[in-house]
Amino acid sequence: MKRVVITGAGTINALGHSVAATFAAMREGHCGIGPLEFRDVERLAIRIGGQVHGFEAEGRFNRQQMSLYDRFTQFTLIAAKEAIAQSGLEFHGELSAKSGVVLGTAGGGVSTWDDNYRSVYEDGKNRVHPFVVPKLMNNAAASHVSMEFNLKGPSFTVSTACASSNHAMAQAFQMVRSGMSAAMVTGGSESMLCFGGVKAWEGLRVMSKEACRPFSANRNGMVQGEGAGIFVFEDYDHARARGAEILCEVLGFAMSSDASDIVMPSKQGAARAIAGALKDGGINPEQVGYINAHGTGTVANDKTECAAVADVFGPHADRLMISSTKSMHGHLIGGTGAVELLACIMALKDGVIAPTISYEEPDPECALDVVPNTARDARVEVALSNAFAFGGLNAVLALGRV
Amino acid sequence: MSTRDKVIAIVAEQALLAPSDVTLTSTLDDLGIDSMGLVECIFAIEEEFDISIPFNANTPDESDFDISNVAAIIAGIDKLVSQKT
């Protein structure tokens, strides 16, 4: 089996339009959540979110590209460009033939669905643009990345709600670890901050109107975000041979299904995924210094997740740090695990633990070190990234310092 | 704007050319418009003239709507517009 390392990272999210800007915002405990801005927002009960601002697609893409790129594809391409540029890889010949793109998204081109349903239902139009289907399909982003960067190996999109990116990255990890591909582009994106996207979430009654306060006793729900996180996963020997900068190592992963409820999380399912990732990576629980929590800020998730961590780690659960960066960038749904992997990279590479901001009151059911409100310096050997999706589908990645 | 000028404007935009570079005898091939560009042209023409063009991208040659050159497209549009009640 090959060792797998990350040699490139890229992002655009509510905290920044690059990895450097996102790290700076996480260090400062900056909140990217604010009033939503889009058509008909006044008809929503939930009017806050982690929206990407100051981003003009018009200057970045030409007219033909704009007719084919939904916002989730635009985010993906911007993040992929940053990640692949950092890796220094150019894909041609054998490397191109074997390297592919595995991405996660829950909704795909939600705003394309929304705009065109509005057009035919509300505005009564009887004709839509010819490229509505290739624009909205969930694999559009993966396909455009493959075309843009000449990636001709295995490429597909994984959709497992809020665990989509972690499931996607687990697939890419497997491909590099098995020797099937020397490098894979992976991660995920989401963009459902439009009227229909938020209206659908509103229906569940799990959204907060004020803030995302994971682990805080007065937490009252999740806040949606948007954006993308893209990485280059590479065979360690391949990366070393070409002198690439290594951001961290991917040590292991595990996936599990609760097989119990379509929305309520399960402690056992989460614990099995966490313990499975440790076992897969050959990691002793005591080596884990940081966990990037799923930490949605809902009553159910946060207490279940803390209980699962306590079960797996025993007394060590009180010594490790666990934070939810959703408090800053919001919940990116299918893209969330990808953006949150950045917090693990920052912990391992820079020794900075991103905080859980907007934290106000300790909750005895979440009695772990949640790094409240202020980032912390710490040397971390191993970090975990949790994702526990609706539908009871869990995926946990384990990363190590190199 | 005449039908001719409107069609030339639509085709020129799709081909990323100036309208003066598009003539009545230009074919879509000459102008570098591929099959995706063609369906976008048809969409834009339908929007502009509020007509429905009988065109199936699977069988472009069997269509009742002649797309062999710009003049044929204009003639086809004029016919469809005149049939509108």
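Bear in mind that the values here come from a model prediction, so they are computed numbers and not experimental data.

(A) Quick look at the overall build of chain A. Helix and strand counts for chain A stand at 15 helices and 14 strands. Its C-alpha radius of gyration of 20 Å places chain A within 12% of the 21 Å reference for a compact globule of 402 residues. Principal-axis analysis of the C-alpha atoms places the extent of chain A at approximately 65 × 55 × 40 Å. Considering chain A as a whole, with its 402 residues, one finds that 58% of them fall into the buried category. Counting only contacts in chain A whose residues sit at least 6 apart along the sequence, the fraction spanning at least 24 positions is 81%.

(B) View of the environment of Asn373(A). Checked against the element boundaries, Asn373(A) lands in the loop between β11 (352-353) and β12 (376-377). Put simply, Asn373(A) and Ser327(A) are 46 residues apart on the chain and 9.5 Å apart in space, counted from C-alpha to C-alpha.

(C) Quick look at the pairing of strand β1 (residues 4-13) of chain A. All names here are of chain A. Burial within β1 is extensive, with 10 of its 10 residues counted as buried. Where β1 lies against strand β7 (residues 227-235), 9 bridges are found, and the strand directions are antiparallel. From the neighbouring strand, glycine 8 faces β7, where its bridge partner is valine 232.

(D) Just the nonpolar core, in detail. Of all hydrophobic cores here, the largest spans 128 residues; its most connected members are Phe233(A) and Ile274(A). Take this core: its biggest share by element is 10 residues, from helix α15 (residues 336-350) of chain A. Taken together, domain 1 (4-241) and domain 2 (252-400) of chain A each give at least three residues to this core, which thus spans both. Among the nonpolar cores identified, the runner-up in size contains 14 residues, and Ile8(B), Leu31(B), Ile45(B) and Val70(B) belong to it.

(E) Layout of the sheet that holds strand β4 (residues 101-104) of chain A. All names here are of chain A. Taking strand neighbours across the sheet as the criterion, the 10 strands line up as β5-β4-β6-β7-β1-β8-β14-β13-β9-β10 in an open arrangement whose pairing is mixed. Either end of the sheet is taken by a strand with one partner, and the two such strands are β5 (156-158) and β10 (321-323). Taking the axes of each pair of neighbouring strands and ignoring which way they run, one obtains an average angle of 25° across the sheet. Those strands touched by helix α4 (residues 71-87) are β1, β4, β6 (183-190) and β7, and its axis lies near 140° from that of β1. In the packing of helix α12 (residues 267-281) onto the sheet, contacts are made with β8 (248-257), β13 (382-389) and β14 (393-400), and the angle to β8 comes to roughly 145°.

Conventions we followed
Residues numbered from 1 in each chain as written. Chains lettered and ligands numbered in written order. Predicted model: local features only at pLDDT ≥ 70, side-chain atom pairs only at ≥ 80, totals over all residues. Helix = DSSP H or I, 4+ residues; strand = E, 2+ residues; numbered from the N terminus. Rg over C-alpha atoms; globule rule 2.2 N^0.38 Å. Buried ≥ 20, exposed ≤ 12 C-beta atoms within 10 Å, placed from the backbone. Contact = placed C-beta atoms within 7 Å. Pairing = 2+ DSSP bridges. Core = buried A, V, L, I, M, F, W, Y, C linked by C-beta atoms within 7 Å. Domains from an automatic or database assignment. Axes fitted to C-alpha atoms, helices over the stretch in contact; angles between N-to-C directions.

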